[in-house]
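Summary of structural features
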Amino acid sequence: MYELIIVVFMLLSLILYTLLGGADFGGGMWDLLAWGPRAEKQRKAIAAAISPIWEANHVWLILVIVILFTAFPPAFAMMMTALHIPITLMLIGIVLRGSAFIFRNYDSQGENVRHRWGAVFGAACFFTPFLQGMTLGALATGRIRCVDGQVTTGFFAGWLTPFAFACGVFTSVICAFLAAVYLTLYTRAEPELQNDFRRHWRFFSPPRKARPRCFAR
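With that settled, consider the overall build of the protein chain. Secondary structure summary: the protein chain contains eight helices and two strands in total. Counting the 217 residues in the protein chain, one finds 38% classified as buried. Counted over contacts in the protein chain with a minimum sequence separation of 6, partners at least 24 positions apart contribute 75%. Summed over all atoms, the accessible surface of the protein chain reaches about 13200 Å², with 69% contributed by carbon and sulfur.

Here we take up the packing of helix α5 (residues 84-106) against helix α6 (residues 111-141). Where α5 contacts α6, the axes come no closer than 8 Å and their chain directions differ by 150 degrees. Here α5 is positioned roughly antiparallel relative to α6, judged by the angle of their axes. As for how α5 packs across α6, the hand of that crossing is left-handed. Where α5 approaches α6, its residues Pro86, Ile87, Leu89, Met90, Gly93, Ile94, Leu96, Arg97, Ala100, Phe101, Phe103 and Arg104 are matched on the opposing element by Arg114, Trp117, Gly118, Val120, Phe121, Ala124, Cys125, Phe127, Thr128, Leu131, Gln132 and Thr135.

What follows covers the pattern of salt bridges. Under the counting rule described, the total for this entry stands at eight salt bridges. Where aspartate 196 meets arginine 199, a salt bridge forms, and the shortest distance between an N and an O atom there is 2.4 Å. Within this pair, aspartate 196 and its partner arginine 199 are both found in helix α8 (residues 191-204), separated by three residues, close to a single helical turn. A relative accessible area of 5% means that aspartate 196 is categorised as buried. The network of salt bridges with shared partners includes Asp31, Glu40, Arg43, Arg104 and Arg114.

It is worth spelling out the environment of leucine 68 at this point. Checked against the element boundaries, leucine 68 lands in helix α3 (residues 59-71). Between the alpha carbons of leucine 68 and valine 7 there is a distance of 8.8 Å; along the sequence they are 61 residues apart.

Next up on the list: the packing of aromatic side chains. Per the counting criterion, the structure on display carries five aromatic pairs. Seen from their ring centres, phenylalanine 156 and tryptophan 159 are 6.1 Å apart, and the 25 degrees between their planes marks the pair as stacked. By relative accessible area, tryptophan 159 is classed as buried at 8%. If you follow arginine 97 out to its NZ or CZ, it ends over the ring of phenylalanine 25, 4.6 Å from the centre.

The contact between helix α1 (residues 2-32) and α3 brings their axes to 8 Å, and the two run at 160 degrees. Comparing the axis directions of α1 and α3 gives the class roughly antiparallel. For the crossing formed where α1 meets α3, the hand is left-handed. Contacts from Ile6, Phe9, Met10, Ser13, Leu14, Leu16, Tyr17 and Leu20 in α1 reach Trp60, Leu61, Leu63, Val64, Ile67, Leu68 and Ala71 in α3. Residue composition of the contact of α1 with α3, grouped by class: 14 nonpolar, one polar and no charged.

Rules behind the numbers
- Residues numbered from 1 in each chain as written.
- Predicted model: local features only at pLDDT ≥ 70, side-chain atom pairs only at ≥ 80, totals over all residues.
- Heavy atoms only, no water.
- Helix = DSSP H or I, 4+ residues; strand = E, 2+ residues; numbered from the N terminus.
- Buried < 20%, exposed > 50% of the residue type's maximum accessible area, 1.4 Å probe, protein only.
- Contact = heavy atoms within 4.5 Å.
- Areas by Shrake-Rupley, 256 points an atom, 1.4 Å probe, with all protein chains shown as cover.
- Axes fitted to C-alpha atoms, helices over the stretch in contact; angles between N-to-C directions.
- Parallel < 35°, antiparallel > 145°, perpendicular 65-115°, else oblique.
- Left-handed = near helix turned anticlockwise from the far one by under 90°.
- Salt bridge = Lys/Arg side-chain N within 4 Å of Asp/Glu carboxyl O.
- Phe/Tyr/Trp six-rings, centres within 6.5 Å; stacked < 30°, edge-to-face > 60°.
- Lys NZ or Arg CZ within 6 Å of the ring centre and 35° of its normal.
- Nonpolar A, V, L, I, M, F, W, Y, C, P; charged D, E, K, R; others polar.

Rendered as structure tokens:
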């Protein structure tokens, strides 16, 4: 019973991290992909939207990890051992993302310097959620095996499978979609900029079916 309650708290924390922290990663993706005559305005809107909250949103991921190694230490040890490669790369991505975001604002304001830090920020926002999705996908494959507390399937089992790759792509798409939706609401005072972000999330939305027309006889 207690285990179920703990898992529910972990699941809720993971959902909140996806909804909040995932949108931050998606903002970085659109920052890198900004185009058109309002590209710089798009980047400024993204920075203004995520600046007050991007650090706080990682609290939900920290909570998931703390609950995991406190309540289920054998499972934590197995996961960190079998998946230490993608998890280490994910942590590097998180550090690069935060560092690049700060340095872009407080380093030299030369155009080349800002673009370089912006490229690092956007690239980190792309591959970090991708690795997070791969990690979750690897756990779902069932290919990771543990005998007497020791991982027996090596360090590449699960996370290099097509399913894990698809989970990574799906996670990145979710982050990009959430960010586009939130930014559409954030830029309500600027209709043209709002339309730019609206086109982003419509790209991921299924086309609406045309309603049948009724013709009077």
